[in-house]
Amino acid sequence: DQIEVNGGLLRVGPSEPVTDAASITSGRAGHSFYRDMVGGILGELHDNGLKAVLQTNHDLTAQSFLDDLNVPGKLGVLLIGEYSLDTPAFVDACRQPLVLVDQLHRGWPDVVTIDNVGGIGTALQHLIALGHRDIGFLGGLPQVPMFRERRQAWTWRMLEAGLAVRPEWIRETPGDIRHT
């Protein structure tokens with residue numbers, strides 16, 4: 001089993017059939033944002049003579065998944081994808097060095113994510129410079145830390161600019177906001 005990555009080879013195995021093709025091609029995990037991120041990570045690992053095992057999973061707390069993950073000898077785990085309410089339990093159960101990618105979590109582990117506060121501030125500055133004053137907020141559910149941080153940043157920046165924060169202009173929805 002071999003996959004070509006940037007002209008080099010990365011050995012992956014053993015092969016297992018994908019039982020849920022939709023898990024790879026649909027939703028946020030199938031979005032080019034994640035495909036590009038994984039491609040970049042694999043490229044960096046290859047350039048540094050390292051290998052990776054890429055695994056999809058819908059249940060972060062499944063004992064078989066955690067047992068496989070916590071086998072000694074692994075260098076670490078990057079958890080990439082949509083935040084799950086099981087993420088805190090996964091973090092507690094993971095015995096490997098762990099980095100969360102595009103997910104917020106307090107305490108350990110390290111997190112690599114978007115600057116939500118800076119991004120909201122830049123977007124609002126742009127809209128205000130264009131003369132907009134009635135600006136709403138569209139985001140995911142506040143149970144997801146990333147979306148909660150974005151809403152807090154929006155509220156703070158709106159009030160800082162002296163603009164009204166109107167509840168009827170706030171839309172928080174589960175799932176992918178592209179389909180709202």
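So, here's what we can say about the structure. (Residues numbered from 1 in each chain as written. Predicted model: local features only at pLDDT ≥ 70, side-chain atom pairs only at ≥ 80, totals over all residues. Heavy atoms only, no water.)

1. Structural notes on the packing of helix α5 (residues 116-129) against helix α6 (residues 145-160)
Contact geometry for α5 and α6: axes closest at 9 Å, N-to-C directions at 40 degrees. As the angle between them shows, α5 and α6 are arranged oblique. Along this stretch, α5 crosses α6, giving a crossing that reads as right-handed. Only Met 146, Glu 149, Arg 150, Ala 153, Trp 154, Trp 156, Arg 157 and Met 158 of α6 make contact with α5, whose side of the interface consists of Asn 116, Val 117, Ile 120, Gly 121 and Leu 124. In terms of residue class, the contact of α5 with α6 is made up of eight nonpolar, two polar and three charged. (Axes fitted to C-alpha atoms, helices over the stretch in contact; angles between N-to-C directions. Helix = DSSP H or I, 4+ residues; strand = E, 2+ residues; numbered from the N terminus. Parallel < 35°, antiparallel > 145°, perpendicular 65-115°, else oblique. Left-handed = near helix turned anticlockwise from the far one by under 90°. Contact = heavy atoms within 4.5 Å. Nonpolar A, V, L, I, M, F, W, Y, C, P; charged D, E, K, R; others polar.)

2. With respect to α5
With 14 residues, α5 ought to run about 20 Å at 1.5 Å a step, and its terminal C-alpha atoms sit 20 Å apart, in line with that. The set of residues buried in α5 consists of Asn 116, Ile 120, Gly 121 and Leu 124. Each buried residue of α5 sits inside an arc of 125 degrees when the element is viewed along its axis, so together they form one side. Of the exposed residues in α5, the ones pointing more than 90 degrees away from its buried face are Thr 122, Gln 125 and Ala 129. On its buried side, α5 packs onto α6. Positive backbone phi, at 100 degrees, marks Gly 131, one or two positions downstream of α5. (Expected span 1.5 Å × (residues − 1). Buried < 20%, exposed > 50% of the residue type's maximum accessible area, 1.4 Å probe, protein only. Arc of directions from axis to C-beta.)

3. Observations concerning the packing of aromatic side chains
Evaluated as defined, the whole model comprises two aromatic pairs. Judged by centre distance (6.0 Å) and plane angle (25 degrees), the ring pair of Phe 65 and Phe 90 falls under stacked. Note that Phe 65 is positioned in helix α3 (residues 63-69) and Phe 90 in helix α4 (residues 87-93), a separation of 25 residues in sequence. The exposure classification of Phe 65 matches that of Phe 90, with both residues buried. Arranged with centres 5.7 Å apart and planes meeting at 40 degrees, the rings of Phe 137 and Trp 154 form a pair that is tilted. Taken together, the residues span a long stretch of sequence, with Phe 137 in strand β6 (residues 137-139) and Trp 154 in helix α6 at a distance of 17 residues. Here the two residues Phe 137 and Trp 154 agree in accessibility, since each one is buried. The positively charged end of Arg 157 is found above the aromatic ring belonging to Trp 156, 4.2 Å away from the centroid. (Phe/Tyr/Trp six-rings, centres within 6.5 Å; stacked < 30°, edge-to-face > 60°. Lys NZ or Arg CZ within 6 Å of the ring centre and 35° of its normal.)

4. Remarks on the pairing of strand β4 (residues 98-101)
As defined by bridge partners, strand β3 (residues 77-80) adjoins β4 across four bridges and the pair is classed as parallel. Across the sheet, the residue bridging to Val 77 is Leu 98, located in β4. Once you follow β3 into α4 and on to β4, the crossover reads as right-handed. With three bridges joining them, β4 and strand β5 (residues 110-112) adopt parallel strand pairing. For Leu 100, the partnering residue across the bridge sits in β5 and is Val 111. (Pairing = 2+ DSSP bridges. Right-handed = clockwise from strand over helix to strand, strands pointing away.)

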